[in-house]
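Remarks on the overall topology
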Amino acid sequence: GESVGLHLPTLSVQEGDNSIINCAYSNSASDYFIWYKQESGKGPQFIIDIRSNMDKRQGQRVTVLLNKTVKHLSLQIAATQPGDSAVYFCAEKNGGSQGNLIFGKGTKLSVKP
Amino acid sequence: EAGVVQSPRYKIIEKKQPVAFWCNPISGHNTLYWYLQNLGQGPELLIRYENEEAVDDSQLPKDRFSAERLKGVDSTLKIQPAELGDSAVYLCASSLQMNTEAFFGQGTRLTVV
(Lines give C-alpha, C1' and ligand atoms only; values in the text may rest on other atoms or scores of the structure.)
Protein backbone atom coordinates (compact mmCIF):
# COMPACT_ATOMS: atom_id res chain seq x y z
CA GLY A 1 0.00 0.00 0.00
CA GLU A 2 0.96 3.62 -0.09
CA SER A 3 3.12 4.90 2.70
CA VAL A 4 5.30 7.85 3.35
CA GLY A 5 7.63 7.76 6.31
CA LEU A 6 10.46 9.63 7.88
CA HIS A 7 13.79 8.22 9.02
CA LEU A 8 14.28 10.51 12.02
CA PRO A 9 11.43 11.50 14.30
CA THR A 10 13.45 14.27 16.00
CA LEU A 11 16.32 16.46 14.89
CA SER A 12 18.21 18.98 17.00
CA VAL A 13 20.59 21.43 15.33
CA GLN A 14 22.58 24.48 16.32
CA GLU A 15 21.45 27.84 15.01
CA GLY A 16 23.33 28.64 11.84
CA ASP A 17 23.99 25.02 10.93
CA ASN A 18 22.38 23.27 7.99
CA SER A 19 19.52 20.83 8.61
CA ILE A 20 18.66 17.77 6.59
CA ILE A 21 15.31 16.06 7.02
CA ASN A 22 14.78 12.76 5.25
CA CYS A 23 11.71 10.96 3.99
CA ALA A 24 11.09 7.59 2.36
CA TYR A 25 8.12 6.81 0.18
CA SER A 26 6.93 3.49 -1.13
CA ASN A 27 4.61 4.33 -4.01
CA SER A 28 6.65 4.40 -7.19
CA ALA A 29 3.64 5.90 -9.00
CA SER A 30 3.86 9.09 -6.95
CA ASP A 31 4.74 11.98 -9.21
CA TYR A 32 4.51 15.02 -6.99
CA PHE A 33 6.01 15.68 -3.57
CA ILE A 34 5.58 18.49 -1.09
CA TRP A 35 7.31 19.49 2.12
CA TYR A 36 5.22 21.15 4.80
CA LYS A 37 6.17 22.90 8.02
CA GLN A 38 3.76 22.80 10.93
CA GLU A 39 4.11 25.00 13.98
CA SER A 40 2.23 24.26 17.17
CA GLY A 41 -1.45 25.10 16.90
CA LYS A 42 -1.31 25.86 13.19
CA GLY A 43 -2.09 24.07 9.99
CA PRO A 44 0.69 22.73 7.76
CA GLN A 45 2.42 25.44 5.76
CA PHE A 46 3.69 24.79 2.25
CA ILE A 47 7.49 25.05 1.96
CA ILE A 48 8.53 23.63 -1.37
CA ASP A 49 7.43 21.04 -3.89
CA ILE A 50 9.05 18.91 -6.56
CA ARG A 51 7.74 16.86 -9.43
CA SER A 52 9.05 13.45 -10.36
CA ASN A 53 10.70 14.71 -13.55
CA MET A 54 13.15 16.67 -11.39
CA ASP A 55 15.75 15.57 -8.87
CA LYS A 56 16.48 18.89 -7.22
CA ARG A 57 14.68 22.12 -6.57
CA GLN A 58 15.82 25.16 -4.62
CA GLY A 59 13.90 27.81 -2.77
CA GLN A 60 14.91 30.46 -0.33
CA ARG A 61 17.26 28.68 2.12
CA VAL A 62 15.60 25.35 1.31
CA THR A 63 16.46 22.64 -1.18
CA VAL A 64 14.51 19.50 -1.91
CA LEU A 65 16.24 16.46 -3.37
CA LEU A 66 14.39 13.56 -4.93
CA ASN A 67 15.97 10.18 -5.54
CA LYS A 68 13.45 8.06 -7.38
CA THR A 69 15.77 5.07 -7.57
CA VAL A 70 15.62 4.55 -3.82
CA LYS A 71 12.33 6.43 -3.30
CA HIS A 72 13.88 8.99 -1.04
CA LEU A 73 13.16 12.65 -0.49
CA SER A 74 15.11 15.13 1.58
CA LEU A 75 14.69 18.71 2.71
CA GLN A 76 17.79 20.77 3.33
CA ILE A 77 17.53 23.99 5.31
CA ALA A 78 20.54 26.29 5.11
CA ALA A 79 21.62 28.41 8.06
CA THR A 80 18.87 27.09 10.30
CA GLN A 81 17.17 29.72 12.42
CA PRO A 82 15.11 29.47 15.62
CA GLY A 83 12.03 30.24 13.56
CA ASP A 84 12.59 27.02 11.65
CA SER A 85 11.71 25.00 14.75
CA ALA A 86 8.60 23.02 13.85
CA VAL A 87 7.43 19.62 12.69
CA TYR A 88 8.20 18.91 9.05
CA PHE A 89 6.12 16.57 6.93
CA CYS A 90 6.74 15.20 3.51
CA ALA A 91 3.70 14.37 1.44
CA GLU A 92 3.25 12.58 -1.85
CA LYS A 93 0.64 12.69 -4.54
CA ASN A 94 0.01 10.29 -7.32
CA GLY A 95 -1.68 11.70 -10.34
CA GLY A 96 -4.46 10.36 -12.44
CA SER A 97 -7.73 9.46 -10.79
CA GLN A 98 -6.32 9.38 -7.28
CA GLY A 99 -4.29 12.48 -6.63
CA ASN A 100 -4.61 12.27 -2.90
CA LEU A 101 -2.05 13.97 -0.70
CA ILE A 102 -0.59 11.35 1.65
CA PHE A 103 1.47 12.49 4.63
CA GLY A 104 4.22 10.82 6.60
CA LYS A 105 4.55 10.96 10.38
CA GLY A 106 6.73 14.04 10.61
CA THR A 107 10.12 15.10 11.98
CA LYS A 108 10.39 17.58 14.80
CA LEU A 109 13.18 20.06 14.22
CA SER A 110 14.55 21.90 17.26
CA VAL A 111 17.00 24.73 16.75
CA LYS A 112 19.30 25.53 19.64
CA PRO A 113 20.41 29.19 19.92
CA GLU B 1 -6.09 37.35 -0.31
CA ALA B 2 -7.43 35.30 2.58
CA GLY B 3 -6.20 31.77 2.99
CA VAL B 4 -8.29 28.76 3.88
CA VAL B 5 -10.65 29.70 6.67
CA GLN B 6 -11.99 27.20 9.14
CA SER B 7 -14.41 27.54 12.01
CA PRO B 8 -14.71 27.04 14.82
CA ARG B 9 -11.10 26.95 16.02
CA TYR B 10 -11.97 24.91 19.07
CA LYS B 11 -14.94 22.76 19.98
CA ILE B 12 -15.67 20.76 23.11
CA ILE B 13 -18.66 18.45 23.08
CA GLU B 14 -19.97 15.51 25.03
CA LYS B 15 -19.87 12.10 23.44
CA LYS B 16 -22.90 11.13 21.38
CA GLN B 17 -23.53 14.77 20.48
CA PRO B 18 -23.34 16.02 16.89
CA VAL B 19 -20.71 18.48 15.70
CA ALA B 20 -20.04 20.33 12.46
CA PHE B 21 -16.99 22.02 11.03
CA TRP B 22 -16.96 24.62 8.30
CA CYS B 23 -14.34 25.40 5.67
CA ASN B 24 -14.05 28.23 3.18
CA PRO B 25 -11.30 27.42 0.66
CA ILE B 26 -9.15 29.88 -1.24
CA SER B 27 -11.17 31.55 -3.98
CA GLY B 28 -10.97 29.68 -7.25
CA HIS B 29 -9.59 26.48 -5.78
CA ASN B 30 -11.40 23.50 -7.21
CA THR B 31 -9.92 20.81 -5.00
CA LEU B 32 -10.84 20.64 -1.33
CA TYR B 33 -9.58 18.18 1.25
CA TRP B 34 -10.62 17.29 4.78
CA TYR B 35 -7.96 15.74 6.97
CA LEU B 36 -7.87 14.41 10.51
CA GLN B 37 -4.71 14.89 12.55
CA ASN B 38 -4.02 13.12 15.80
CA LEU B 39 -1.41 14.43 18.18
CA GLY B 40 2.10 13.68 16.96
CA GLN B 41 0.88 12.24 13.68
CA GLY B 42 0.67 13.40 10.12
CA PRO B 43 -2.67 14.44 8.66
CA GLU B 44 -4.85 11.59 7.40
CA LEU B 45 -7.15 12.15 4.47
CA LEU B 46 -10.87 11.83 5.09
CA ILE B 47 -12.34 13.09 1.85
CA ARG B 48 -11.36 14.95 -1.31
CA TYR B 49 -13.63 17.06 -3.48
CA GLU B 50 -13.17 18.17 -7.03
CA ASN B 51 -15.62 21.05 -7.28
CA GLU B 52 -18.83 19.74 -5.73
CA GLU B 53 -18.06 16.07 -6.34
CA ALA B 54 -16.61 13.86 -3.63
CA VAL B 55 -14.08 11.94 -5.72
CA ASP B 56 -12.53 10.01 -2.85
CA ASP B 57 -14.31 9.35 0.43
CA SER B 58 -12.89 5.88 0.99
CA GLN B 59 -11.35 6.89 4.33
CA LEU B 60 -14.45 8.62 5.67
CA PRO B 61 -16.22 6.59 8.41
CA LYS B 62 -19.61 6.86 6.80
CA ASP B 63 -21.55 5.47 9.71
CA ARG B 64 -20.98 8.70 11.63
CA PHE B 65 -19.17 11.14 9.36
CA SER B 66 -20.67 13.08 6.49
CA ALA B 67 -19.49 15.96 4.34
CA GLU B 68 -20.86 18.23 1.71
CA ARG B 69 -19.61 20.91 -0.61
CA LEU B 70 -22.58 22.69 -2.01
CA LYS B 71 -21.94 24.82 -5.11
CA GLY B 72 -18.34 23.66 -5.10
CA VAL B 73 -17.12 26.33 -2.69
CA ASP B 74 -17.63 26.07 1.09
CA SER B 75 -17.66 22.69 2.75
CA THR B 76 -18.94 21.25 6.00
CA LEU B 77 -17.86 18.12 7.80
CA LYS B 78 -20.23 16.59 10.32
CA ILE B 79 -19.91 13.92 12.95
CA GLN B 80 -23.02 12.37 14.45
CA PRO B 81 -22.77 10.99 17.03
CA ALA B 82 -19.28 11.93 18.20
CA GLU B 83 -17.15 9.39 20.06
CA LEU B 84 -14.25 9.91 22.43
CA GLY B 85 -11.83 8.69 19.77
CA ASP B 86 -12.89 11.48 17.43
CA SER B 87 -10.90 13.97 19.49
CA ALA B 88 -8.36 15.38 17.05
CA VAL B 89 -7.63 18.36 14.85
CA TYR B 90 -9.70 18.53 11.68
CA LEU B 91 -7.90 20.28 8.85
CA CYS B 92 -9.26 21.63 5.62
CA ALA B 93 -7.03 22.28 2.61
CA SER B 94 -7.58 23.50 -0.92
CA SER B 95 -5.61 23.55 -4.13
CA LEU B 96 -6.11 25.10 -7.52
CA GLN B 97 -5.96 21.75 -9.23
CA MET B 98 -5.33 18.18 -8.21
CA ASN B 99 -1.56 18.22 -8.70
CA THR B 100 -0.67 21.60 -7.30
CA GLU B 101 0.25 22.60 -3.79
CA ALA B 102 -2.46 22.40 -1.17
CA PHE B 103 -2.91 25.20 1.35
CA PHE B 104 -4.22 24.42 4.79
CA GLY B 105 -6.44 26.22 7.23
CA GLN B 106 -5.66 26.53 10.93
CA GLY B 107 -7.79 23.53 11.76
CA THR B 108 -10.55 22.86 14.28
CA ARG B 109 -9.46 21.19 17.49
CA LEU B 110 -12.24 18.87 18.63
CA THR B 111 -12.36 17.51 22.16
CA VAL B 112 -15.00 14.91 22.94
CA VAL B 113 -15.60 14.38 26.65
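All of these numbers come straight from a predicted model, not from anything done at the bench.

1. A look at the overall build of chain A
- Secondary structure summary: chain A contains zero helices and eleven strands in total.
- Counted from the first residue to the last, chain A has its helices and strands arranged as β-β-β-β-β-β-β-β-β-β-β.
- For chain A, the residues scored as buried account for 44% of the 113 residues in total.
- For chain A, the exposed surface amounts to about 5,400 Å²; the carbon and sulfur share of it is 47%.

2. Side note on the overall build of chain B
- Looking only at helices and strands, chain B features zero helices and eleven strands.
- Ordered by position in the sequence, the α and β elements of chain B form the string β-β-β-β-β-β-β-β-β-β-β.
- Taking 113 residues into account, the globule formula puts the C-alpha radius of gyration at 13 Å, and chain B, at 13 Å, falls close to it.
- Dimensions along the principal axes, computed over C-alpha positions, put chain B at roughly 35 × 25 × 25 Å.
- Burial status across chain B gives 46% buried among its 113 residues.
- Contacts in chain B between residues at least 24 apart in sequence constitute 53% of all its contacts with a sequence separation of at least 6.
- Surface accessibility of chain B: about 5,600 Å² in total, with carbon and sulfur atoms responsible for 50%.
- Across chain B, the centroid of the 11 positively charged side chains sits 7 Å from that of the 14 negatively charged ones.

3. Structural notes on the pattern of salt bridges
- Using the criterion set out here, one finds seven salt bridges over all chains in the structure.
- Between A:Asp49 and A:Arg57 there is a salt bridge; the shortest N-O distance is 2.2 Å.
- The exposure class assigned to A:Asp49 is buried, which follows from its relative accessible area of 7%.
- Accessibility expressed as a relative area gives 35% for A:Arg57, which makes it partly exposed.
- In this structure, B:Glu50 engages B:Arg48 in a salt bridge whose closest nitrogen and oxygen atoms are separated by 2.6 Å.

4. Points about the sheet that holds strand β7 (residues 65–68) of chain B
All names here are of chain B.
- Sheet architecture is open: four strands sit in the order β1-β3-β8-β7, paired in antiparallel fashion. The open sheet has two edge strands, β1 (5–7) and β7, and neither has a second partner. Shown here is a sheet whose adjacent strand axes are inclined to one another by a mean of 15 degrees, direction ignored.
- Two elements, strand β3 (residues 19–24) and strand β8 (residues 75–79), share five bridges in a ladder whose sense is antiparallel. For Ala 20, the partnering residue across the bridge sits in β8 and is Lys 78.

5. Thoughts on the interface of chain A and chain B
- Taken together, the contacts link 25 residues of chain A with 23 residues of chain B.
- Its largest share of buried area at the contact with chain B, chain A owes to A:Lys93, A:Asn100 and A:Phe103, together 25% of the area lost on that side.
- Along the contact surface separating chain A from chain B lie zero salt bridges.
- Where chain A touches chain B, the interface holds nine residue pairs in polar contact (both at pLDDT 80 or more).
- Where the side of chain A that touches chain B is concerned, the elements lending two or more residues are β4 (30–38), β5 (45–51), β9 (86–94) and β10 (101–103) of chain A.
- The element contributing the most residues to the side of chain A that touches chain B is β4(A), with five residues.
- Split by residue class, the side of chain A that touches chain B holds eight nonpolar, eleven polar and six charged.

Rules of the game
Residues numbered from 1 in each chain as written. Chains lettered and ligands numbered in written order. Predicted model: local features only at pLDDT ≥ 70, side-chain atom pairs only at ≥ 80, totals over all residues. Heavy atoms only, no water. Helix = DSSP H or I, 4+ residues; strand = E, 2+ residues; numbered from the N terminus. Buried < 20%, exposed > 50% of the residue type's maximum accessible area, 1.4 Å probe, protein only. Areas by Shrake-Rupley, 256 points an atom, 1.4 Å probe, with all protein chains shown as cover. Rg over C-alpha atoms; globule rule 2.2 N^0.38 Å. Contact = heavy atoms within 4.5 Å. Lys, Arg positive; Asp, Glu negative; His and termini not counted. Charge placed at Lys NZ, Arg CZ, Asp CG, Glu CD. Salt bridge = Lys/Arg side-chain N within 4 Å of Asp/Glu carboxyl O. Pairing = 2+ DSSP bridges. Axes fitted to C-alpha atoms, helices over the stretch in contact; angles between N-to-C directions. Buried area = accessible area lost by both parts, 1.4 Å probe. Polar contact = N/O pair within 3.5 Å; in protein donor to acceptor, adjacent residues only side chain to side chain. Nonpolar A, V, L, I, M, F, W, Y, C, P; charged D, E, K, R; others polar.

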